[in-house]
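What follows is the residue order along each chain.
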Amino acid sequence: MRSITLLATLATSALSIVLPQSSEDVQLPLVIWHGLGDDFQREGLASVAELAEATNPGTYVHLIHLVDDGSGDRSATFFGNVTQQIEIVCEQLAADPILSTAPAINALGFSQGGQFLRGYIERCNTPPVHNLVTFGSQHNGISEFESCKYNDWICNGAEALLRSGRWTNFAQSRVVPAQYFRDPRELDQYLAYSNFLADINNEREEKNETYKKNLASLNKFAMFMFEEDTVAVPKESALFAEVNATTGEVTHLQDREIYQADWLGLKQLDKAGRLDFKTTPGQHMHLSEEVLQDAFKEYFAPLENKWHMSGLVVQHDA
Ligand SMILES: *[C@@H]1O[C@H](CO)[C@@H](O)[C@H](O)[C@H]1NC(C)=O
Ligand SMILES: *[C@@H]1O[C@H](CO)[C@@H](O)[C@H](O)[C@H]1NC(C)=O
Ligand SMILES: *[C@@H]1O[C@H](CO)[C@@H](O)[C@H](O)[C@H]1NC(C)=O
């Protein structure tokens, strides 16, 4: 149903190039990447998708998944090589007939899904992301692993591996949270062995200009931090800040080298008013419908005709 609605919208817009007097705004599709321990078939995610549709009617929503069944998809939030997982998502989005023909897409990342979407943008970005919104993501990594519920054997297995040998090739190629583990006290090991975050954050000697160019091409990048978050440690990682675990001192993104030397284009975005730092009350991922709805209105609203017309012209030529 949703796809039909969007196809109709795009067709009407294409017509408006021929008949400029008709004007209709375009509703970009939305992709959602869920967090650790979740899966794409959960009810919670379905209601987020419904809310996105209700807030901005005509939104085609795609729930990113690494495996086609729920339990396999959940397991892939704990185990796998994040580089390969992002490759799968790049192929998945590029192969979707609606996403791949839209002028651009919006992206919503929950928890680790947020930094993974950033990875998608930096490495692939086809189809290109217009606005990226992340909630409680670990853009600057985690320095502790979350406590699992005692009977959650998949989570416990991942946690044990992370504690025992987080910098081993085994953990870095198989345990997902290990690949965004970043303790400032272990920075040398992190730079040497991190399979994902050190690369995607352009923290190594050799910088990838594509990462910077792609991230800076966002229209908006909005980061939300949960004020009472005790699950993702440190919570300020959601805003790309660094925390000294001994003193508790927070170094905000603007005071960090990653920003000042602009390894990722974050400074460029910020100076253009396109980087938003937001806080929201509550524990990790305790999202109210109201907070989500406000975010959907602010970041995923339909685009004005003028913008999408040029987008469609480009698309027609392609
Ligand atoms: C930078 O990233 C792009 C996209 O992933 C990749 O194609 C390219 O090889 C990388 N460049 C370097 C110098 O690693
Ligand atoms: C993860 O997968 C990528 C792509 O296949 C590979 O190049 C890399 O070596 C793997 N990482 C580890 C730590 O094995
Ligand atoms: C944390 O702060 C203390 C006191 O200023 C300092 O000695 C230590 O090096 C800092 N830790 C890191 C990882 O920067």
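Residues numbered from 1 in each chain as written. Chains lettered and ligands numbered in written order. Predicted model: local features only at pLDDT ≥ 70, side-chain atom pairs only at ≥ 80, totals over all residues.

An unreviewed UniProt entry lists the chain under the name Palmitoyl-protein thioesterase 1, with Penicillium salamii as the source organism. Regarding the chain, the UniProt comment filed under Sequence similarities (unreviewed entry) reads as follows: "Belongs to the palmitoyl-protein thioesterase family." (UniProt positions renumbered as here; feature names shortened; annotations may be inferred.)

1. Observations regarding the nonpolar core
Soluble globular proteins tend to pack their nonpolar side chains together in the buried interior. Counting residues in each nonpolar core, the largest one holds 76 residues, and the members touching the most others are Leu30, Val31, Ile32, Ile105, Leu132 and Leu162. Among the elements that take part in this core, strand β5 (residues 220-226) stands out by supplying five residues, more than any other. When residues no more than four places from it in sequence are discounted, the contact partners of Leu30 are Ala52, Thr59, Val61, Ile105, Asn106, Leu108 and Phe300. (Core = buried A, V, L, I, M, F, W, Y, C linked by C-beta atoms within 7 Å. Buried ≥ 20, exposed ≤ 12 C-beta atoms within 10 Å, placed from the backbone. Helix = DSSP H or I, 4+ residues; strand = E, 2+ residues; numbered from the N terminus. Contact = placed C-beta atoms within 7 Å.)

2. Digging into the sheet that holds strand β4 (residues 129-135)
Ordered in space as β2-β1-β3-β4-β5-β8, the six strands form an open sheet in which the pairing is parallel. This sheet does not close on itself; its edge strands, each paired only once, are β2 (61-63) and β8 (275-280). On average, each strand axis in the sheet is inclined to that of its neighbour by 15 degrees, with strand direction left out of account. (Pairing = 2+ DSSP bridges. Axes fitted to C-alpha atoms, helices over the stretch in contact; angles between N-to-C directions.)

3. Some remarks on the environment of Gly80
Note that Gly80 resides in the loop between α3 (70-78) and α4 (82-95). Placed 99 residues apart in sequence, Gly80 and Gln179 show a C-alpha to C-alpha distance of 9.7 Å. Beyond its immediate chain neighbours, meaning those up to four positions away, Gly80 contacts Gln85, Arg174 and Val176.

4. Considering the pairing of β5
Of all seven residues in β5, five are buried, a share of seventy percent or more. Note that β5 and β8 share six bridges and pair parallel. Bridge pairing links Phe224 to Lys278 in β8.

5. As for the site of ligand 2
Around ligand 2, a shell composed of Asn81, Thr83, Gln84, Asn169, Gln172, Ser173 and Asn195 is seen. Mapped by element, the contributors of at least two residues to the shell around ligand 2 are α4 and α7 (169-174). Here the element with the most residues in the shell around ligand 2 is α7; it accounts for three residues. In the shell around ligand 2, the residues fall into no nonpolar, seven polar and no charged. (Near = placed C-beta within 6 Å. Nonpolar A, V, L, I, M, F, W, Y, C, P; charged D, E, K, R; others polar.)

6. What about the pairing of strand β3 (residues 105-110)?
Within β3, six of the six residues are buried, leaving the element largely enclosed by the surrounding structure. Neither face of β3 is exposed, since Ile105, Ala107 and Gly109 on one face and Asn106, Leu108 and Phe110 on the opposite face are all buried. Across four bridges, the pairing between strand β1 (residues 30-33) and β3 is parallel. Within β3, the residue paired with Ile32 across the bridge is Leu108.

7. Structural notes on the packing of α4 against helix α5 (residues 112-123)
At their nearest, the axes of α4 and α5 sit 10 Å apart, and the two run at 70 degrees to each other. By the criterion of interaxial angle, the relationship of α4 to α5 is roughly perpendicular. As for the relative orientation of α4 and α5, their crossing is right-handed in sense. Residue-level inspection shows Val82, Ile86, Val89 and Cys90 of α4 in contact with α5, the latter providing Phe116, Gly119, Tyr120 and Arg123. Its residues assigned to classes, the contact of α4 with α5 comprises six nonpolar, one polar and one charged. (Parallel < 35°, antiparallel > 145°, perpendicular 65-115°, else oblique. Left-handed = near helix turned anticlockwise from the far one by under 90°.)

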